[in-house]
Amino acid sequence: MDNKKTLELIKSYAIGCSGKDDTELLKSLMDSDPDFPWKAVGEYQNIAALLPSSLMIELPSKDLKDNIARELFRYKEEIEAKQKLKKAREESSTLKEVSQPETEIEPVASEEQPEQLINMDETDFTQPTVQHEQEVFEKSIDDENRTTTAIDKEAIEKVTKDYIRNYFEKELRELNRSVKKSMTLTIILFTISLLAIVLVFLSLT
Amino acid sequence: MSETTYLTDNELMQNISNYDSKSLEELYDRYSPLLFTLIKKIIGGKEKAEEILSDIFVILWRKNDRFVYSSNNIYTWLVTLARNKAVDVLKRRDNADSIADYTDEYEDEFIIPVLPREIEKLDLETVLGMGNTVMESYNNLTDAQRYVIDLALYEGLDEKKIAGKLNIPLPTVKSKLQLALGILHQNLLNRNNGQ
């Protein structure tokens, strides 16, 4: 494909209006062309991002920041787990550099609590404010059937499921695949050995 | 003034990768007006725009590891993320059946932008320093070129849909877009590089 056509595809992609076929074509070029003009992609992405700066600026509500903090607080557990995993990986890679360990460090199974992995102080953006706590308190009085413990439990369960799905599913799939492979190989080898024994036995008799 | 005030966008992002909430707050203070304006332009209502802006910062907090630090371009990453998210909400509102379910994988592939390492550095301070250059360059385009750009950028229409909406041939849409982006490239990037 000539450079002109590639540049046309890049422009449409950067502004966000390339059709499905053009996007696929461009992505295949990105994957296969060693001389792909990545710089041009960046330039047109910058242009597309610059255009909104000419809009008449409007401000969101002042309490939105607090709402976002409340929303982010829901992900505290997930973030802590990520931090723990990151820390464990770092430790694991340090250990590998020093020696060749035979066992891998289990990143999440540890019962140890992370020591203040997330920077959260009294004025923390991701901490709900006093106002929020008051709202939660009032809500809990209104809704007696649903305790905060139950809410927390649900949130933790959801976060844990998401976390496991995101981080372990792929690894488990790969592990399963390699187990299947070795099982197949073992069966084949066993069959061959069995046949060889039978043949030897038959030839002797 | 807090200690995060003096940090660059990229430094803030580095801190956010270690879940430093003060840096996230600083980034919110810097970018929320622009992102809110962009989202509201795409989606229309204030409430929905705020909801989407909130989603953007949740994505930023949860998936900051998908930002390519070597690009040193948080500006384009955030604006494109906000644009993609708002356009996705718009498309789901108008035609929910034809779009795939919104999953984590979908978000990673279609909402979170991927910037090449070769991209030029751009941050909010640089953009603000450009003054009216962007507005002037945009206003120098013809009405038709501006309209086509707006339909693509703010309404999320692809070239075929733009052609259908304007009842003009697809090649005409393509040529107007190409020309408009070429002019913007010349006016914005060349001028910026020349400074």
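Residues numbered from 1 in each chain as written. Chains lettered and ligands numbered in written order. Predicted model: local features only at pLDDT ≥ 70, side-chain atom pairs only at ≥ 80, totals over all residues. Heavy atoms only, no water.

Enquirer: Report on the confidence of the model for chain B, specifying residues and quantitative values.
Expert: Predicted confidence across chain B gives a mean pLDDT of 90, with 96% of residues reaching 70 or more. For this predicted complex, the interface score ipTM comes out at 0.93, alongside a pTM of 0.71. (pLDDT = per-residue confidence, 0-100.)

Enquirer: Describe the pattern of salt bridges, listing the residues and the values that go with them.
Expert: Going through the model one piece at a time under the given rule, you end up with 19 salt bridges over all chains. We note a salt bridge from Asp22 of chain A to Lys174 of chain B, for which the minimum N-O separation is 3.2 Å. Placement of the pair is Asp22 of chain A in helix 2 (residues 20-32) and Lys174 of chain B in helix 10 (residues 170-194), with the two residues belonging to separate chains. With relative accessibility at 18%, the residue Asp22 of chain A sits in the buried group. Residues participating in the shared-partner salt-bridge network are Arg62, Lys63, Arg66, Asp104, Glu107 and Asp108 of chain B. (Salt bridge = Lys/Arg side-chain N within 4 Å of Asp/Glu carboxyl O. Helix = DSSP H or I, 4+ residues; strand = E, 2+ residues; numbered from the N terminus. Buried < 20%, exposed > 50% of the residue type's maximum accessible area, 1.4 Å probe, protein only.)

Enquirer: Quick one: what's the story with the domain arrangement of chain B, residue by residue and with numbers?
Expert: Residues and elements named next belong to chain B. As far as domains go, chain B holds domain 1 (1-122) and domain 2 (130-195). Across the contact, 8 residues belong to domain 1 and 6 residues belong to domain 2. Buried surface at the junction of domain 1 and domain 2, summed over both partners, amounts to about 570 Å²; 58% is from carbon and sulfur atoms. Our enumeration of links across domain 1 and domain 2 arrives at 0 salt bridges. (Domains from an automatic or database assignment. Contact = heavy atoms within 4.5 Å. Buried area = accessible area lost by both parts, 1.4 Å probe.)

Enquirer: How would you sum up the confidence of the model for chain A? Please name residues and give values.
Expert: Residue and element names in this part refer to chain A. On average, residues of chain A score 75 in pLDDT, and 63% of them reach the 70 mark or higher. Per-element mean pLDDT across chain A ranges from 51 in helix 6 (residues 130-142) up to 95 in helix 3 (residues 38-50). Taken as a whole, residues 102-123 scores under 50 in pLDDT and shows 33 contacts with residues more than four places along the chain or in a different chain. Scored below 50 in pLDDT, residues 143-151 makes 3 contacts in the model with residues more than four places away or belonging to other chains.

Enquirer: How would you summarise helix 2 of chain A if you had to cite specific residues and measurements?
Expert: All names here are of chain A. Look at helix 2: 18 Å from first C-alpha to last across 13 residues, which is about the 18 Å you get at 1.5 Å a residue. Buried within helix 2 we find Asp22, Thr23, Leu26, Leu29 and Met30. Down the axis of helix 2, the sector holding all buried residues measures 125°, keeping them to one side. Away from its buried face, by an angle of more than 90 degrees, helix 2 presents the exposed residues Lys20, Asp21, Asp31 and Ser32. (Expected span 1.5 Å × (residues − 1). Arc of directions from axis to C-beta.)

Enquirer: So, the packing of aromatic side chains: which residues are in play, and what are the values?
Expert: All names here are of chain B. All told, the structure shown has 7 aromatic pairs over all chains when counted by the stated rule. Between the aromatic rings of Tyr19 and Trp61, the centroid separation amounts to 5.2 Å while the plane-to-plane angle is 85°, which identifies the pairing as edge-to-face. Placement of Tyr19 in the loop between helix 1 (9-16) and helix 2 (21-43) and of Trp61 in helix 3 (residues 46-62) is noted, with a sequence separation of 42 residues between them. Each member of the pair, Tyr19 as well as Trp61, carries the same accessibility label: buried. A ring pair is formed by Phe67 and Trp77, whose centres lie 5.3 Å apart and whose planes are at 65°; its orientation type is edge-to-face. Note that Phe67 is positioned in the loop between helix 3 and helix 4 (74-95) and Trp77 in helix 4, a separation of 10 residues in sequence. For the pair Phe67 and Trp77, a shared accessibility class is recorded, and that class is buried. Among the aromatic residues, those joined into a ring-pair cluster are Tyr102, Tyr106 and Phe110. We note Lys41 situated over the ring of Tyr154; from NZ or CZ to the ring centre the distance is 5.2 Å. When the ring centre of Tyr106 is taken as reference, the NZ or CZ atom of Arg92 above it lies at 4.9 Å. (Phe/Tyr/Trp six-rings, centres within 6.5 Å; stacked < 30°, edge-to-face > 60°. Lys NZ or Arg CZ within 6 Å of the ring centre and 35° of its normal.)

Enquirer: Describe the environment of Leu189 of chain B, with residues and values.
Expert: Along the chain, the position of Leu189 of chain B falls in helix 10. The contacts of Leu189 of chain B, once residues within four sequence positions are left out, are Glu43 and Ile47 of chain A together with Leu184 of chain B.

Enquirer: Just give me the short version of the interface of chain B and chain A, but keep the residues and values in it.
Expert: If you look at the interface, chain B gives 62 residues, while chain A gives 53 residues. Summed over both partners, the interface of chain B with chain A buries about 5,400 Å², with 61% contributed by carbon and sulfur atoms. Taken together, the connections running from chain B to chain A amount to 4 salt bridges. Between Lys65 of chain A and Glu25 of chain B there is a salt bridge whose closest N-O contact spans 3.1 Å. There are 18 residue pairs in polar contact (both at pLDDT 80 or more) connecting chain B and chain A. At the level of secondary structure, the elements contributing two or more residues to the side of chain B that touches chain A comprise helix 2, helix 3, helix 4, helix 5 (104-111), helix 7 (133-139), helix 8 (143-155) and helix 10 of chain B. If you tally residues by element for the side of chain B that touches chain A, the top one is helix 2 of chain B, at 14 residues. Across the side of chain B that touches chain A, the residue classes break down as 33 nonpolar, 11 polar and 18 charged. (Polar contact = N/O pair within 3.5 Å; in protein donor to acceptor, adjacent residues only side chain to side chain. Nonpolar A, V, L, I, M, F, W, Y, C, P; charged D, E, K, R; others polar.)

Enquirer: Describe the side chain of Ser54 of chain B, naming the residues involved and giving the relevant values.
Expert: Within the secondary structure layout, Ser54 of chain B lies in helix 3. Its relative accessible area of 11% is what places Ser54 of chain B among the buried residues. Once residues within four sequence positions are removed from consideration, Ser54 of chain B is found in contact with Ile68 and Glu71 of chain A.

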